[in-house]
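# A closer look at the structure
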Amino acid sequence: MNGVGGGSVSVGCASSYIAPGGGSGGSIWIDAGSFSGTGTLSVLGGDGGRAYQRTNMYLAGGGSAGRVAVYYNTSTFSGAFRASGGMQVVDDGFGEGGGHGTVYLHNKQSGWNQLLVDNAGIRNVSGARVDTVGLQLSRPAWLLYDPVNGASTAVSLVVSSVKLLGAGSLLVPYALWDVRVTNAAGLEGDRSGTLYTMGSVDVSACDPVLPIGFYVYPSGSVVFGPSIEARGVAVTVHGRVSGTVQNITVSRTDGSLSLYGDGQTDGSLGVSNFDFAGSLLVDQGSVLIEPRNLASAPRGMYVTFGGGVTLRTSGSMSVYASQANGTYVQSAQLSLSSSASMAIGGHTVS
């Protein structure tokens, strides 16, 4: 397939009705020997609309973006893919933007494949509908199951690269799903996107500096390598941290690590127990430890950093306990610089 001369292929829908919800982006599937050109493949979601009738104003949400899949033997394509959700109407501070689309690239000869989500920097507004642990339901691109086998069938997806750009986010929505990223440079992003998982995501082969955020649901798990650095991204754990992770660094002002009482590490005593053999370094970033939902762990929440905890350059750590359960943080040593802070139950130690 040749898209020379800046041509484009576009699939989508923009409604002309009064106060419409934006149309969805449709899909493009390409299977070619050679893929080249400089054009654009677009599956954009349509923008929401507004209308006035007497004294009432009617608002509508944006349409979800579509899907692009390109299979090829060779590629010199240098054009663009556009798969962002439609804009929501935000006059009153509410509204939902369209869900993110996906672009899947697959080299049939080498086997290299990439899953790309780029939402062009479009973010949802506060007030959008969320679920019980804060996920904006309409936004991330969902990995959908085979309609023949259904969501209850175990699925294993192996990809060379996951790339999240422009506030694009991806959701693994089923507990039986297993997603594994195989390349050392397999995680790519601009630190604006998040990978949400209710299943298992294995990124242990990837570079330890995370360019995307992670949100692990109670039913989900993430497999990291021996060390990770949340450099300007958020890592939030309600589920399981698996693998050999020992040393954790949280850096830059937007970097954060949140460990909740309904999560745990492999090899620990169970739910609400996180056991890291190495050290925790917080440099400008923040760490939150909070025993949320501890009905199954009456002894309280236990977090261990065997190699010590270091807070520096305005780094902060907050540790909270519920009324019925305590929170216990054990470390070989604790080091705080003059600009760092540690809050225990709302009381600051600096």
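For every chain, the first residue of the written sequence is number 1, and numbering continues from 1 onward in sequence order. For this predicted model, a pLDDT threshold of at least 70 governs which residues receive local features, and a threshold of 80 or more governs which side-chain atom pairs are given and counted, while totals over whole chains, interfaces and linings are taken from all residues. Here the side-chain values reflect all heavy atoms present in the structure, with hydrogen atoms and water set aside.

### Let's talk about the overall build of the chain
Operational definition: Where helices and strands are cited, they refer to DSSP runs of H or I of at least four residues and of E of at least two residues respectively, numbered from the N terminus. Burial classification: accessible surface area is computed with a 1.4 Å probe over protein chains only, and a residue below 20% of its type maximum counts as buried, one above 50% as exposed, and the rest as partly exposed. Pairs of residues are marked as contacts when any of their non-hydrogen atoms sit within 4.5 Å. Per-residue and other accessible areas were derived by the Shrake-Rupley procedure at a 1.4 Å probe size, with only the shown protein chains allowed to occlude residues.
Along its length, the chain carries zero helices and 37 strands. Relative to its full complement of 350 residues, the chain shows a buried share of 49%. Within the chain, residue pairs in contact and separated by at least 24 positions form 62% of the contacts whose partners lie at least 6 positions apart. Entry remark: accessible area of the chain is about 15,700 Å², with carbon and sulfur atoms responsible for 50%.

### Some thoughts on the packing of aromatic side chains
What counts is decided by this rule: Two aromatic rings, drawn from Phe, Tyr or Trp (for Trp, its six-membered ring), form a pair once their centres lie within 6.5 Å of each other, and the interplanar angle then sorts them: stacked below 30 degrees, edge-to-face above 60, tilted otherwise.
Applying the stated criterion across every chain, the model contains 12 aromatic pairs. Where Phe214 meets Phe224, the ring centres are 5.5 Å apart and the plane angle is 85°; that geometry is what we call edge-to-face. Of this pair, Phe214 sits in strand E20 (residues 213-216) while Phe224 sits in strand E21 (residues 221-224), placing them 10 residues apart in sequence. As far as burial versus exposure is concerned, Phe214 and Phe224 are alike and both buried. Here Phe276 and Phe305 contribute two aromatic rings whose centre-to-centre distance is 5.5 Å and whose plane-to-plane angle is 10°, an arrangement assigned as stacked. With Phe276 in strand E28 (residues 273-276) and Phe305 in strand E31 (residues 301-305), this residue pair connects regions lying 29 residues apart in the sequence. Across the pair, Phe305 and Phe276 agree in class, each one buried. Three or more aromatic residues link up through ring pairs in this structure, and these residues are Phe35, Tyr72, Phe77 and Phe81.

### Notes on the sheet that holds strand E32 (residues 308-312)
Heads up, the rule is: A pair of strands counts as paired when DSSP detects no fewer than two bridges linking them.
Ordered by their spatial adjacency, six strands build an open sheet running E19-E22-E25-E29-E32-E35, and the pairing between neighbours is parallel. Edge positions in the sheet fall to strand E19 (209-210) and strand E35 (334-336), since each has one partner strand and no second. The sheet contact formed by E19 and strand E22 (residues 227-231) spans two bridges and is parallel. Across the sheet, residue Val209 finds its bridge partner in E22, namely Glu229.

### Considering the side chain of Ser161
The line we're drawing: N or O atoms within 3.5 Å of each other form a polar contact, as long as, within protein, one can give a hydrogen and the other can take it, and as long as residues adjacent in sequence are counted only when both atoms are side-chain atoms.
One can find Ser161 in strand E13 (residues 161-165). Note on Ser161: relative accessible area 2%, which makes it buried. In terms of polar contacts, Ser161 uses its side chain to reach the backbone carbonyl oxygen of Gly186, at 3.5 Å. Other than its neighbours up to four places away in sequence, Ser161 contacts Trp112, Asn113, Gln114, Leu115, Val181, Gly186 and Glu188.

### Examining the nonpolar core
What counts, and what does not: Only buried residues count toward a nonpolar core. Its members are Ala, Val, Leu, Ile, Met, Phe, Trp, Tyr and Cys residues joined through side-chain atoms within 4.5 Å.
By size, the foremost hydrophobic cluster in this structure holds 51 residues, and its most contacted members are Val203, Phe214, Phe224, Leu280 and Met317. Leave out the neighbours within four places in its chain, and Phe224 touches Val203, Ser204, Leu210, Phe214, Val241, Ser242, Gly243, Thr244 and Val245. Of all hydrophobic cores here, the second largest spans 15 residues; its members include Ile28, Ile30, Phe35 and Phe81.

### A word on unusual backbone geometry
A positive phi angle, near 55°, is found at Ala120, a position not held by glycine. Within the element layout of this structure, Ala120 appears in the loop between strand E10 (113-118) and strand E11 (141-142). Since its relative accessible area comes to 57%, Ala120 is described here as exposed. Notably, Arg191 is not glycine yet its phi reads approximately 70°, a positive angle. Tracing the chain through its elements places Arg191 in the loop between strand E16 (187-189) and strand E17 (194-197).

### Structural notes on the environment of Ile289
Positionally, Ile289 belongs in strand E30 (residues 286-290). Sequence separation between Ile289 and Ser318 is 29 residues; the distance between their C-alpha atoms is 6.2 Å. Residues contacting Ile289, with those up to four places away along its chain left out, are Leu259, Met301, Val303, Met317, Ser318, Val319, Tyr320, Thr327 and Val329.

### Comments concerning the pattern of salt bridges
Inclusion rule: What makes a salt bridge here is a side-chain nitrogen of Lys or Arg within 4 Å of a carboxyl oxygen of Asp or Glu, nothing more.
Taken as a whole and judged by the stated rule, the model has four salt bridges. The residue Asp31 makes a salt bridge to Lys108 at a minimum N-O spacing of 2.6 Å. Of the two residues, Asp31 is situated in strand E3 (residues 27-37) and Lys108 in the loop between strand E9 (102-107) and E10; the sequence distance between them amounts to 77 residues.

### Details of the pairing of strand E7 (residues 67-75)
Note: E3 against E7, eight bridges, orientation parallel. Pairing of Ser27 across the sheet is with Arg67, part of E7. Note that E7 and E9 share six bridges and pair parallel. Each bridged residue has a counterpart across the sheet, and for Arg67 the counterpart in E9 is Thr102.

### Some thoughts on the confidence of the model for the chain
Rules: Per-residue confidence from the prediction method is given by pLDDT, with values spanning 0 to 100.
On average, residues of the chain score 83 in pLDDT, and 78% of them are at 70 or above. Predicted confidence in the chain is weakest over strand E1 (residues 2-3), with a mean pLDDT of 52, and strongest over E19, with 98. In the predicted structure, residues 126-137 sits below a pLDDT of 50 and forms 25 contacts with residues beyond four places in sequence or in another chain.

### Some points on the side chain of Thr102
Relative to the helices and strands, Thr102 is located in strand E9. We classify Thr102 as buried; its relative accessible area is 5%. Here the side chain of Thr102 touches Arg67 through a polar contact of 3.1 Å, side chain to side chain. With sequence-adjacent residues up to four places away left out, Thr102 is seen in contact with Gly66, Arg67, Val68, Ala83, Leu115, Leu116, Val117 and Ala141.

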